[in-house]
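Now for the letters of each chain:
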Amino acid sequence: MSDKPGNDTDGTIECAKFLPHPPAAVWAALTDPELHARWWAAGDVKPVVGHRFTLDMGNWGHQPCEVTEVEPERLLAYRFAEGSLDTTITWRLVPEGTGTRLFLTHAGFDLDSPMGRQALEGMGEGWPHLLDRMETALTESP
């Protein structure tokens with residue numbers, strides 16, 4: 001898989017990025033609310049199955065989420081935008097040398113809905129930029 005996003009006809013976005021940081025640091029970017037807010041959105045994210053939280057998506061409002069899978073420093077999955085998009089975001093971390101290859105799968109976009117199609121297109125374009133912002137946040141992190 002390349003570092004470029006893939007928008008499949010099944011309503012899924014997939015992308016990967018190598019981050020020159022160990023899995024523990026990347027995990028913190030995904031699960032520490034303060035660090036998470038620096039690269040994506042403010043919200044009380046916690047790596048606890050069943051934890052419900054809201055992400056402040058600015059112009060797109062506050063999006064409710066629920067953690068569905070956790071394997072510390074390896075996997076985090078949660079339902080995203082419950083009640084509107086109803087998608088699932090899965091982060092998979094794979095150690096690679098002294099860094100981490102981060103795989104993102106954002107699945108479940110409703111291609112029969114104009115909102116679902118628009119979100120798939122917009123988020124497909126946006127995720128690579130957000131992953132770049134994560135790398136910047138990690139580099140600037142103490």
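Residues numbered from 1 in each chain as written. Predicted model: local features only at pLDDT ≥ 70, side-chain atom pairs only at ≥ 80, totals over all residues. Heavy atoms only, no water.

Student: Give a detailed account of the overall build of the chain, specifying residues and quantitative values.
Tutor: Scanning the chain from N- to C-terminus turns up 3 helices and 7 strands. When the helices and strands of the chain are placed in sequence order, the string is β-β-α-α-β-β-β-β-β-α. Taken over the C-alpha trace, the chain has a radius of gyration of 14 Å; the compact-globule value for 142 residues is 14 Å, and the two agree within 12%. Projected onto its principal axes, the C-alpha coordinates of the chain cover approximately 45 × 30 × 25 Å. Of all 142 residues assigned to the chain, the portion counted as buried reaches 44%. Taking contacts inside the chain between residues at least 6 apart in sequence as the whole, the part at least 24 apart equals 44%. When the accessible surface of the chain is totalled, it reaches about 7300 Å², and 51% of it is carbon and sulfur. In the chain, which carries 11 positive and 22 negative side-chain charges, the distance between the mean positions of the two groups comes to 3 Å. (Helix = DSSP H or I, 4+ residues; strand = E, 2+ residues; numbered from the N terminus. Rg over C-alpha atoms; globule rule 2.2 N^0.38 Å. Buried < 20%, exposed > 50% of the residue type's maximum accessible area, 1.4 Å probe, protein only. Contact = heavy atoms within 4.5 Å. Areas by Shrake-Rupley, 256 points an atom, 1.4 Å probe, with all protein chains shown as cover. Lys, Arg positive; Asp, Glu negative; His and termini not counted. Charge placed at Lys NZ, Arg CZ, Asp CG, Glu CD.)

Student: Provide a residue-level description of the nonpolar core, including the pertinent values.
Tutor: One finds Trp39, Trp40, Phe80, Trp91, Trp127 and Met134 to be the most contacted residues of the largest nonpolar core, which totals 38 residues. Ranked by residue count, the leading element in this core is helix α3 (residues 114–140), at 9 residues. When residues no more than four places from it in sequence are discounted, the contact partners of phenylalanine 80 are Trp40, Leu55, Met57, Gln63, Pro64, Cys65, Leu85, Asp86, Thr87, Ile89, His106 and Met123. (Core = buried A, V, L, I, M, F, W, Y, C linked by side-chain atoms within 4.5 Å.)

Student: If you had to explain the side chain of arginine 101 to someone new, which residues and values would you point to?
Tutor: Looking at the secondary structure, you find arginine 101 in strand β7 (residues 99–107). Given a relative accessible area of 17%, arginine 101 falls into the buried group. Within polar-contact distance, the side chain of arginine 101 engages the side chain of glutamate 96 at 3.0 Å. (Polar contact = N/O pair within 3.5 Å; in protein donor to acceptor, adjacent residues only side chain to side chain.)

Student: With reference to specific residues and values, describe the side chain of glutamate 66.
Tutor: Summarising the element assignment, glutamate 66 is placed in strand β4 (residues 62–71). Of the residues examined, glutamate 66 reaches a relative accessible area of 12% and is grouped as buried. A polar contact is formed between the side chain of glutamate 66 and the side chain of arginine 79, at a distance of 2.7 Å. Excluding residues within four positions of it along the chain, glutamate 66 makes contact with Gly50, His51, Arg52, Phe53, Ala77, Tyr78, Arg79 and Glu82.

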